[in-house]
Amino acid sequence: MPYAPHFPVMLRTEDGVRLNAAHTPSPHADLGIVMAHGFTGSWRDRTARRIVHVLSGYGGVVAFDFRGHGRSGGESTVGDLEILDLDAAVRHARVAGYSKIAVVGFSMGAAVAVRHAGLRGGVDAVVAVSAPARWYYRGTKPMRQVHWAIERPFGRLAARVVKRTRIARGDWNPIPMPPHEAAALISPTPLLIVHGDEDTFFPLDHAHQLYAGAREPKELWIEPGYGHAETAAPPELIRRIGKWISSNLL
């Protein structure tokens, strides 16, 4: 399918990391949407570009690669310092002239979106898709594989070679505030939590924990038959998310 035209952007975070990004303008000039991909993802992936294309029907879209991913610099901290990456993308959207900014995050990007909105603010709506509510979850086989990639030298090497994802060594110090606690700080910004009942990474209790931790205004969509994050997201779901953003901000 032909995708909406985009323009390359280079962002720089507060701590000096250069991020590869793209801006897809839209006729809806007042609304900017920042898309935050999942762990080992990239805005250049076909699934991410498809999502950007659909969202561009509702507002201009800024999509970027988190630190340690794709063509961005630095190393991934798997959801900690990534709030600085998202903050750089939000700032760029403001400079581009958008008066309203929504963030749509997937998986790790959803956790970052919740933490950024709670701890930093500066956005007008947040959508968290397939988000973890808490850290160190190992209750599913895919998440045990993720932890192997993060914690073991050979796992980090495999992530670098196969997924072009460079992961920082060592443990978090201090441990970042978990998403379900950060969710309580987002209000009065509207929060939408979207989770599939066939998510093989994070079961539904993560979505319910996030929702319970948040204050109004908040919504929870449990999507029948939906799996995990960008690769499983059907265009109709992305259109519904775009309509939710528009109804809350325009």
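Structure: see above.
Just so it is clear, the structure is predicted and the values come from calculations on it, not from any experiment.

Re the sheet that holds strand β3 (residues 31-36)
Then, in step 1: Strands sit in the order β1-β2-β4-β3-β5-β6-β7-β8 across an open sheet of eight strands; the sheet is mixed. Two strands close off the open sheet at either side, each with one partner strand: β1 (7-12) and β8 (218-223). Geometrically, the sheet is characterised by an average inter-axis angle of 20° between neighbouring strands, direction not taken into account.
Then, in step 2: Relative to β8, strand β7 (residues 191-196) runs parallel, the two sharing six bridges. Residue pairing in the sheet places G196 in a bridge with E223 of β8.

Some details on the packing of helix α2 (residues 82-95) against helix α3 (residues 108-119)
Then, in step 1: The contact between α2 and α3 brings their axes to 9 Å, and the two run at 75°. With respect to α3, the axis of α2 lies roughly perpendicular. Contacts from E82, I83, L86, D87 and V90 of α2 reach α3 at M108, V112, A113, R115, H116 and L119.
Then, in step 2: Tallied by class, residues from the contact of α2 with α3 come to seven nonpolar, one polar and three charged.

Comments concerning the pairing of strand β5 (residues 100-106)
Then, in step 1: Counting buried positions along β5 gives six out of seven residues, so the element sits mostly inside the fold.
Then, in step 2: The pairing of β3 with β5 spans six bridges and is parallel. The residue of β5 that forms the bridge with V34 is V103.
Then, in step 3: Considered for its hand, the β-α-β crossover made up of β5, α3 and strand β6 (residues 125-129) is right-handed.

A word on the environment of W221
Then, in step 1: Secondary-structure assignment places W221 in strand β8.
Then, in step 2: For W221, a relative accessible area of 14% puts it in the buried group.
Then, in step 3: Considered as a pair, W221 and H195 are 26 residues apart in the sequence and their alpha carbons are 6.4 Å apart.
Then, in step 4: Once residues within four sequence positions are removed from consideration, W221 is found in contact with L192, I193, V194, H195, L237, R240, I241 and W244.

Re the pattern of salt bridges
Then, in step 1: Throughout the structure, instances matching the rule amount to 10 salt bridges.
Then, in step 2: A salt bridge links D124 to R94; its shortest N-O distance comes to 3.0 Å. Note that D124 is positioned in the loop between α3 and β6 and R94 in helix α2, a separation of 30 residues in sequence.
Then, in step 3: Notably, a salt bridge pairs D205 with R134, separated by 2.7 Å at the nearest N-O pair.

Some points on the packing of helix α1 (residues 46-55) against helix α9 (residues 235-249)
Then, in step 1: Orientation of α1 relative to α9, taken along the N-to-C sense of each, is 40°, at an axis distance of 9 Å. Here α1 is positioned oblique relative to α9, judged by the angle of their axes. α1 and α9 meet at a crossing whose hand is right-handed. Residue-level contacts link R50, I51, V54 and L55 of α1 to P235, I238, R239 and G242 of α9.
Then, in step 2: Its residues assigned to classes, the contact of α1 with α9 shows five nonpolar, one polar and two charged.

As for the pairing of strand β4 (residues 60-64)
Then, in step 1: Most of β4 sits inside the fold, with five of its five residues counted as buried.
Then, in step 2: Burial of the side chains of β4 extends over both faces: G60, V62 and F64 are buried on one face and V61 and A63 on the other.
Then, in step 3: Examined bridge by bridge, strand β2 (residues 18-24) and β4 share four bridges and lie antiparallel to one another. Its bridge partner lying in β4, H23 is registered against V62.
Then, in step 4: Bridging between β3 and β4 involves five bridges; their strand directions are parallel. For M35, the partnering residue across the bridge sits in β4 and is A63.

Topic: α1
Then, in step 1: Where α1 is concerned, the buried positions are A48, R50, I51, V52, V54 and L55.
Then, in step 2: At its buried positions, α1 is contacted by β2, β3, β4, β5, α8 (229-232) and α9.

What to know about α2
Then, in step 1: Under the 1.5 Å per step criterion, the end-to-end length of α2 is 20 Å for 14 residues, consistent within 8% with the ideal 20 Å.
Then, in step 2: Check the buried side of α2 and you find it contacts β1, β2, β3, β4, β5 and α3.
Then, in step 3: With its phi angle positive at about 105°, G97 sits one or two positions after the end of α2.

With respect to unusual backbone geometry
Peptide bonds are trans in most cases, and residues, glycine excluded, mostly fall at negative phi.
Then, in step 1: The peptide bond linking N173 to P174 adopts the cis configuration, its omega dihedral lying at 5°.
Then, in step 2: On the secondary structure map, P174 appears in the loop between α5 (153-163) and α6 (179-182).
Then, in step 3: Even without being a glycine, Y136 presents a positive backbone phi close to 65°.
Then, in step 4: Within the element layout of this structure, Y136 appears in the loop between β6 and α4 (141-151).

Parameters and conventions
Residues numbered from 1 in each chain as written. Predicted model: local features only at pLDDT ≥ 70, side-chain atom pairs only at ≥ 80, totals over all residues. Heavy atoms only, no water. Pairing = 2+ DSSP bridges. Helix = DSSP H or I, 4+ residues; strand = E, 2+ residues; numbered from the N terminus. Axes fitted to C-alpha atoms, helices over the stretch in contact; angles between N-to-C directions. Parallel < 35°, antiparallel > 145°, perpendicular 65-115°, else oblique. Contact = heavy atoms within 4.5 Å. Nonpolar A, V, L, I, M, F, W, Y, C, P; charged D, E, K, R; others polar. Buried < 20%, exposed > 50% of the residue type's maximum accessible area, 1.4 Å probe, protein only. Right-handed = clockwise from strand over helix to strand, strands pointing away. Salt bridge = Lys/Arg side-chain N within 4 Å of Asp/Glu carboxyl O. Left-handed = near helix turned anticlockwise from the far one by under 90°. Expected span 1.5 Å × (residues − 1).

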